[in-house]
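Summary of structural features
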Amino acid sequence: MAAITLIEGVTLALARALEEDPTVVVLGEDVGVNGGVFRATAGLQQRFGEQRVLDTPLAEVMIAGMSVGMAAQGMKPIAEAQFCGFTMPMVDHLMCHAGRMRNRTRGRLSCPMVLRFPTGGGIHAPEHHSESPEALFAHMPGIRVVIPSSPSRAYGLLLAAIRDPDPVIFMEPKRIYRWQKEEVIDDGEELPMDVCFTLRDGSDITLVTWGAMIKETLQAADQLESEGVSVEIIDVATISPLDMDTIVESVSRTGRCVIIQEAPRHCGVASEIAAGLADAGIWNLLAPVKRVCGYDTVMPLYRNELKYMPSVRRIVDAAHQVLEVS
Amino acid sequence: MAAITLIEGVTLALARALEEDPTVVVLGEDVGVNGGVFRATAGLQQRFGEQRVLDTPLAEVMIAGMSVGMAAQGMKPIAEAQFCGFTMPMVDHLMCHAGRMRNRTRGRLSCPMVLRFPTGGGIHAPEHHSESPEALFAHMPGIRVVIPSSPSRAYGLLLAAIRDPDPVIFMEPKRIYRWQKEEVIDDGEELPMDVCFTLRDGSDITLVTWGAMIKETLQAADQLESEGVSVEIIDVATISPLDMDTIVESVSRTGRCVIIQEAPRHCGVASEIAAGLADAGIWNLLAPVKRVCGYDTVMPLYRNELKYMPSVRRIVDAAHQVLEVS
Amino acid sequence: MARTVAAFKVDHFQFLDRDGKLVEGQQVPSLAKDFDRLTDLYRQMVLTRIFDKKAIALQRTGKLGTYASCLGHEAAQVAIGAAMQAEDCFAPMYREYGVQFCRGVRMTDVLLYWGGDERGNDFAGAPHDFAWCVPIATQCLHAAGAAMAFKLRDEKRVAVSVVGDGGSSKGDFLEAINAGSAWKLPLVLVIINNQWAISVPRSRQNTAATLAQKGIAGGLPSIQVDGNDLIACLWAMEKAITAAREGHGSFVIEMITYRLSDHTTADDARRYRPNEEVEEAWREEPIARLRAYLIDQGVWDDAKEQALQEECTANVQAAADEYLDIVTNDPQPVTAMFDYMFAEMPHDLAEQRAYAEQYPEDGGHH
Amino acid sequence: MARTVAAFKVDHFQFLDRDGKLVEGQQVPSLAKDFDRLTDLYRQMVLTRIFDKKAIALQRTGKLGTYASCLGHEAAQVAIGAAMQAEDCFAPMYREYGVQFCRGVRMTDVLLYWGGDERGNDFAGAPHDFAWCVPIATQCLHAAGAAMAFKLRDEKRVAVSVVGDGGSSKGDFLEAINAGSAWKLPLVLVIINNQWAISVPRSRQNTAATLAQKGIAGGLPSIQVDGNDLIACLWAMEKAITAAREGHGSFVIEMITYRLSDHTTADDARRYRPNEEVEEAWREEPIARLRAYLIDQGVWDDAKEQALQEECTANVQAAADEYLDIVTNDPQPVTAMFDYMFAEMPHDLAEQRAYAEQYPEDGGHH
Ligand SMILES: Cc1ncc(C[n+]2csc(CCOP(=O)(O)OP(=O)(O)O)c2C)c(N)n1
Ligand SMILES: Cc1ncc(C[n+]2csc(CCOP(=O)(O)OP(=O)(O)O)c2C)c(N)n1
Ligand SMILES: [Mg+2]
Ligand SMILES: [Mg+2]
């Protein structure tokens, strides 16, 4: 049992899925010989052959549309979009077909496909390589949206996504692809796709986030703890369907909540969570629900990208704001 | 001065824009001789010629991409998507280019285009003709999203959208295209795109909605008024950027709010509004903020579509729920 | 002096002229003499047309929603259906009933779908065919995906999809051609060029001589046939499907026909096309043409026609009755919109379902 | 007996062979003897290559972000730039510096862009050209839109866009061809086939004989040229642009070259392609070839080469210095991300801007 990174957790789960399920096919641009631009599929084509790991022509609509067709005809396509920004041409087939196949045919056909791609900013990448579009996909009926934030959750949730009989969008926080190493046993154990992960128990405030923002959120929590604040941290991980219960229960104890999201604020996932608290959680709120988000602007080119993303200081300041209230 | 319908308000604004601005070009599928499948562009090609009103090949990516290119080169394209469901192939050019052109070039180029299309259900239409995708567009930086709910607002807001120097998505609630007639003077007066419209003043509860749900919301309000409840009604109309101030101010007086939205609830615009109340509006809330929305399912085919959409009874019940609390 | 590195042509095939006579001076495929088969296919074409007429009548009397007629497409559609094997996979657009009836889709299914009931897509008779596909041309990539599945599993199955003259302008179709080329997929793409995309004429889609030549972009064999000539359509389909099944890759066929009806029952074609054009097109229509040929050949007559008409009318009526009985006496409950979203219903959806059950009648149905 | 309804061919043009000799037995265009012009263009090619080398050096030393090299594309790019008029419009992908320098884009602009500063897209020297376009092939439709604007305004201007061998598989490019055909737009689409799309070889994009034949889908004139032969590239571009400008519609040119560099500085091509292939490609490269021709013709020599190298190196160094000075001494403030979103800043964005100003240093910059 070795300590591995998040991206290695992805590779491990892909290899296991290719091993255990002959219908699994990995496809995308540069996923073959090159092993993916981030090396997520490194070695897979060599190990499983060109029939299982396919380099495709450069056409995202085609990748999405063919994945829908393959999935409906008994295969389990695991498509890769090379970067978050390049999933936009895929929206049509996801929204109009992947999420509708089962419902449209009253269960006669289904669409057990996975679309995985690196998401978020902070790695110094060019334009269109640093977006966080989870809210767009979360608004689409019939599609699950998952974002892991640790090597073990990457492994366990990706296995669950692949085995799930319905379409799953699996977003990989590229900024923390190689941040932490963790011992992960390749035992094929999947993780549930319908509950949040509580990373830290606390009683004064609940910090809710997902993906790469876990990093700054943990750092902010440490700082707050050093001030004597007891912080509960929830990693949403499964954005859609969303486990609001765990969040509402947590806030029912802490009474205070800050939601941290890298994506633009307007109509983002953080807003959905805050709205849930404004409904089911209202009676336990001791302070306003604050959202610390990316701005409603275009993600800047890399020189200013970190100014766009929620910083530890922005998170701590927001926490102080809601803690001051009594 | 004649009483006209909402769709006639659209046609009137389009005609005026074609009249007053030689760079305006209307393009889309069947917008020419046929005058649009809903007749929104009826007579325009005959009146302004084939150089101003263009029937396009059947290709939405092309319509969006060429509109971006035309807009960046000094034209004012007003593109029509035939139905809400067919805007999905356009998402890529809207998200990656229309909303970014000005920012990307530090203002050297811009993208003053309008994309208009009929939105929402309830007209007995086939699959993919009844969606309400406003939340997807509202999450895109650099793009304005507008939804009128009356003939005069259709006229005034469409003129504003066309004259705006940035991209605007103009969604037309097809279910109420011909619901009400209203006297509209063709005086070229535009309406502001940055404030909500308060349709009715009240003191007990605020009902917030937009588009075709205005119809059921008004009916629900009448019923509540008949029970002696004083109802304030806000038509958001400009979804993005969103005028939260008007809503927060209203709820600061009523203390109670129900948001009505036809689209699926998860990560919808109603959630953004509720989130705003959970932050800036928290101290004035006397009850949970309720969202009465379409379900997180695929819009059913027409036989059950009305079961999907918020009904007067669902709105009234939600209002009762928040009114009971004290 | 240039070096020519690639040369192509698009051939047009027609065997039966508009009057049902065999076109002079060309070798006719043997199937032109397979009268049992031709009469069977003729029956399918007639059934399709009688069904179409009934569906329009149901719509006009408020018993059916918007409906897309297939009037004039019967030869093209029945040829496609007849050339396919049961295990092949068909990805339709929205008006290919003539194909689908050959494949086991029931007339009741069609009526349920246009009647606003999802159960219409639950084809018991064509279990792996794709559902009707409204987003233009997207079905072509689903077919390419199906073809990829067959190829990867080493199954000798072929995926067939259709697209219109309008849809042939869309990237999905063009990317499907490229995919068929890239992987030599067992894929047959048929362009049903009926001259109109709602109100937009073929000439506005592009200025190329043919639509078939879009296949040349991928280096695919690409031919054009008279889409009102069942023999030409069937001959071309069998040629293409055989090639695809034997591993020779993908094929593009343009079938030239005419949309004799309005685009759908929600359309009024008189707004944008001259009556003369439609009348002229009626002189080309496929059923009269094939009937004339069969009568010439002495294998068909008025008595048979009479009997066929009665038989089809009765079958169509039975389907209409079944449809009306289902939507009247066994409508889908409000819960149906939740129950097929996921294999396992998520927690939050279950909550919404329970809530929706409190409003079983709201909105009722139209 | 089939009736052929359309026939096409794709011709390949080359005038200069790999050794800089004129290809035997064919008429050479007059521009092959326009030595003033050829030497000017040669200078542009050399400048482009020296700039490219410097940019890579800046990236390797941490002074520049990921950079996409244009090594090997100099003939194709300079030919495109040279054939265009200032008032025409260019829609680039992300590595066409050779085109852009001809059009007035400054080396400093290129460095600012890849240096993570949006000001790099504010081309003072090419005010209406499109910005660099990362989403593959989308630029082709922007060019089609520009061409439509020119046509509608009756301006004798041409829009030119480029796409790679990989990008030629994407619907956006294929729909642009169709748009060019539908409206006879003044549009020239150039496929720069450099054999690789990151790690995916040309042969995987599709199995067609050429990429040029994608233009046949729209019935557009479609030719192929040796993309390492400046004379062939320029001759073809001028032919296409003239036709487009004179109202004859759109044109497709495939320029066959080779990506001699890694895809970008973030890529390591040794992972997926053999060294021999790259070495062989170096024997075809465009600059040595043109230099040999010019020397043969007695219009170039070592002294001139020496002087040119020094001049270009100095200009490139000056641009690098200017770039480093700007990002060091005049970085964009945090507020810059808000100030160009809309012509008029919306209320909520103004609030976010004020909030952001409280965190001017957060994250600093990389
Ligand atoms: C992506 C998309 N855009 C627009 C429409 C609306 N629409 C439905 S049918 C049609 C015309 C299709 O014409 P064609 O492809 O020739 O097929 P036909 O109807 O003639 O059989 C249009 C524009 C749609 N269904 N999907
Ligand atoms: C829509 C989209 N998908 C994927 C990418 C990632 N990507 C950047 S360049 C590239 C390869 C492009 O190859 P080609 O079109 O041949 O152009 P070249 O880089 O060889 O000049 C890919 C896949 C992208 N930028 N845009
Ligand atoms: Mg058609
Ligand atoms: Mg390339």
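Let me begin by describing the structure that accompanies this report.

Definitions and cut-offs
Residues numbered from 1 in each chain as written. Chains lettered and ligands numbered in written order. Predicted model: local features only at pLDDT ≥ 70, side-chain atom pairs only at ≥ 80, totals over all residues. Heavy atoms only, no water. Helix = DSSP H or I, 4+ residues; strand = E, 2+ residues; numbered from the N terminus. Rg over C-alpha atoms; globule rule 2.2 N^0.38 Å. Buried < 20%, exposed > 50% of the residue type's maximum accessible area, 1.4 Å probe, protein only. Contact = heavy atoms within 4.5 Å. Buried area = accessible area lost by both parts, 1.4 Å probe. Salt bridge = Lys/Arg side-chain N within 4 Å of Asp/Glu carboxyl O. Polar contact = N/O pair within 3.5 Å; in protein donor to acceptor, adjacent residues only side chain to side chain. Nonpolar A, V, L, I, M, F, W, Y, C, P; charged D, E, K, R; others polar. Least-squares fit on C-alpha atoms with pLDDT ≥ 70 in both. Near = heavy atom within 4 Å. Areas by Shrake-Rupley, 256 points an atom, 1.4 Å probe, with all protein chains shown as cover. Pairing = 2+ DSSP bridges. Axes fitted to C-alpha atoms, helices over the stretch in contact; angles between N-to-C directions. Disulfide = S-S within 2.5 Å.

The next thing to look at is the overall build of chain A. Along the backbone of chain A there are twelve helices and 14 strands. At 19 Å, chain A has a C-alpha radius of gyration in line with the 20 Å of a compact globule built from 326 residues. The C-alpha extent of chain A, read off along each of the three principal axes, is 60 × 40 × 40 Å. Here chain A holds 326 residues, and the buried ones make up 76% of them. Counting contacts in chain A only where the partners sit at least 6 residues apart, residues at least 24 apart contribute 81% of the total.

Each partner contributes to the interface: chain C provides 46 residues, whereas chain A provides 41 residues. Regarding the contact of chain C and chain A, the summed buried area is about 3400 Å², with carbon and sulfur atoms giving 64% of it. Ionic pairing is found between Arg106(A) and Glu118(C), a salt bridge with its closest N-O pair at 3.9 Å. Linking chain C with chain A are 16 residue pairs in polar contact (both at pLDDT 80 or more). Looking at the side of chain C that touches chain A, the elements with two or more residues in it are helix H5 (138-152), helix H6 (171-183), helix H12 (336-339) and helix H13 (347-357) of chain C. Ranked by the residues each element gives to the side of chain C that touches chain A, the list is headed by H5(C), at ten residues. Partitioned by chemical class, the residues of the side of chain C that touches chain A number 27 nonpolar, eight polar and eleven charged.

Moving on: the relation of the copies chain B and chain A. In screw terms, the move from chain B to chain A is a rotation of 180 degrees and a rise of 0.0 Å along the axis, fitting with an RMSD of 0.0 Å. Each copy turns onto its partner about a two-fold axis. Considering only C-alpha atoms, the part of chain B nearest the rotation axis is Ala275(B), at 2.3 Å. A symmetric contact is evident, with 100% of the interface residues of chain B recurring at the interface of chain A.

Taken together, 21 residues lie near ligand 1, and Glu60(B), Tyr94(C), Arg95(C), Gly167(C) and Trp196(C) sit nearest. One chain alone does not account for the residues near ligand 1; they come from chains B and C. Here a nitrogen atom of ligand 1 and a side-chain polar atom of Glu60(B) are 2.6 Å apart. In this structure, a nitrogen atom belonging to ligand 1 sits 2.8 Å away from a main-chain N or O atom of Val134(C). Its free accessible area being 580 Å², ligand 1 has 96% of it covered by the protein chains.

Moving on, we come to the environment of Gln51(A). Positionally, Gln51(A) belongs in the loop between helix H2 (44-48) and strand S3 (53-55). Dropping the residues within four chain positions of it, Gln51(A) is found in contact with Val25(A) and Leu152(C).

This brings us to the sheet that holds strand S1 (residues 3-13) of chain D. One open sheet accounts for twelve strands, arranged S2(C)-S3(C)-S4(C)-S8(C)-S7(C)-S1(C)-S1(D)-S7(D)-S8(D)-S4(D)-S3(D)-S2(D); its pairing is mixed. Every interior strand has two partners, whereas the edge strands, strand S2 (89-91) of chain C together with strand S2 (89-91) of chain D, have only one. Between one strand axis and the next, the sheet turns through 20 degrees on average, direction left out of account. Note: S1(D) against strand S7 (residues 222-226) of chain D, two bridges, orientation parallel. Its bridge partner being in S7(D), His12(D) is matched across the sheet by Gln224(D).

Moving on to the state of the cysteines. Residue and element names in this part refer to chain C. Throughout the structure, instances matching the rule amount to zero disulfides over all chains. Unpaired in this structure, cysteine 70 has its nearest cysteine sulfur neighbour in cysteine 102, at a distance of 11 Å. Judged by relative accessible area, which is 0%, cysteine 70 ranks as buried.

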